[in-house]
Amino acid sequence: KVRHAIIHDLGFKNFTDFINSFRINQASKILIKQGNEGLSILEIAFNVGFSSIGPFNRAFKARTGLTPSQFRDKERNQESDMIMAR
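Residues numbered from 1 in each chain as written. Predicted model: local features only at pLDDT ≥ 70, side-chain atom pairs only at ≥ 80, totals over all residues. Heavy atoms only, no water.

**A word on the overall build of the protein**
Within the protein one finds 5 helices and 0 strands. The order of helices and strands in the protein, counted from the N terminus, is α-α-α-α-α. Taking 12 Å as the expected radius of gyration for a compact globule of 86 residues, we find that the protein reaches 15 Å, considerably beyond that expectation. In terms of overall dimensions, the protein has a C-alpha envelope of 50 × 25 × 20 Å along the principal axes. Per-residue burial for the protein yields a buried fraction of 27% across its 86 residues. As displayed, the protein has an accessible area near 6000 Å², and 54% of this comes from carbon and sulfur atoms. Here the protein carries 13 positive and 8 negative side-chain charges, and the mean point of each set is 8 Å from the other. (Helix = DSSP H or I, 4+ residues; strand = E, 2+ residues; numbered from the N terminus. Rg over C-alpha atoms; globule rule 2.2 N^0.38 Å. Buried < 20%, exposed > 50% of the residue type's maximum accessible area, 1.4 Å probe, protein only. Areas by Shrake-Rupley, 256 points an atom, 1.4 Å probe, with all protein chains shown as cover. Lys, Arg positive; Asp, Glu negative; His and termini not counted. Charge placed at Lys NZ, Arg CZ, Asp CG, Glu CD.)

Quick look at the structure:
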């Protein structure tokens, strides 16, 4: 029943995809949070529950369309643009 709900009702490919969605959401928040600039992508991957960088990068890109580094850079650039516009 749980598997059916995850796949058919929620639209995930499988249980791992379901769990990774929460991990990637948390990683996205960590990547853009002020004060986390010193954290490496690997540290963030470990902090959200991935055991290696490859699966983290693939899952992140599949969910967001960007690598974690690209996501962080894009968010920083948008923040800088907003500050400059003030």
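**Re the side chain of Asn20**
Tracing the backbone through its elements, the reader meets Asn20 in helix α2 (residues 15-32). With relative accessibility at 12%, the residue Asn20 sits in the buried group. Leaving out residues up to four positions away in the same chain, Asn20 has contacts with Phe50 and Ala59. (Contact = heavy atoms within 4.5 Å.)

**Side note on the pattern of salt bridges**
A complete count under the given rule lists 1 salt bridge for this structure. The residue Asp17 makes a salt bridge to Arg63 at a minimum N-O spacing of 3.1 Å. Taken together, the residues Asp17 in helix α2 and Arg63 in helix α4 (residues 53-64) connect sequence positions 46 residues apart. In this structure Asp17 comes out as buried when scored by relative accessible area, which is 19%. (Salt bridge = Lys/Arg side-chain N within 4 Å of Asp/Glu carboxyl O.)

**A look at the packing of aromatic side chains**
Under the defined criterion, the tally for this structure stands at 6 aromatic pairs. Ring plane angle 40° and centroid distance 6.2 Å describe the contact between Phe15 and Phe18, whose orientation is recorded as tilted. Of this pair, Phe15 and Phe18 are both found in helix α2, 3 residues apart, which corresponds to roughly one turn of the helix. Ring geometry for Phe60 against Phe71: centres 5.4 Å apart, planes inclined by 75°, an arrangement best described as edge-to-face. You can see Phe60 sitting in helix α4 and its partner Phe71 sitting in helix α5 (residues 68-85), a full 11 residues away along the chain. One exposure class covers both Phe60 and Phe71, and it is buried. Chaining the aromatic ring pairs together yields one cluster made of Phe12, Phe15, Phe18 and Phe22. The ring of Phe50 carries the charged tip of Arg23 above its face, separated from the ring centre by 5.2 Å. (Phe/Tyr/Trp six-rings, centres within 6.5 Å; stacked < 30°, edge-to-face > 60°. Lys NZ or Arg CZ within 6 Å of the ring centre and 35° of its normal.)

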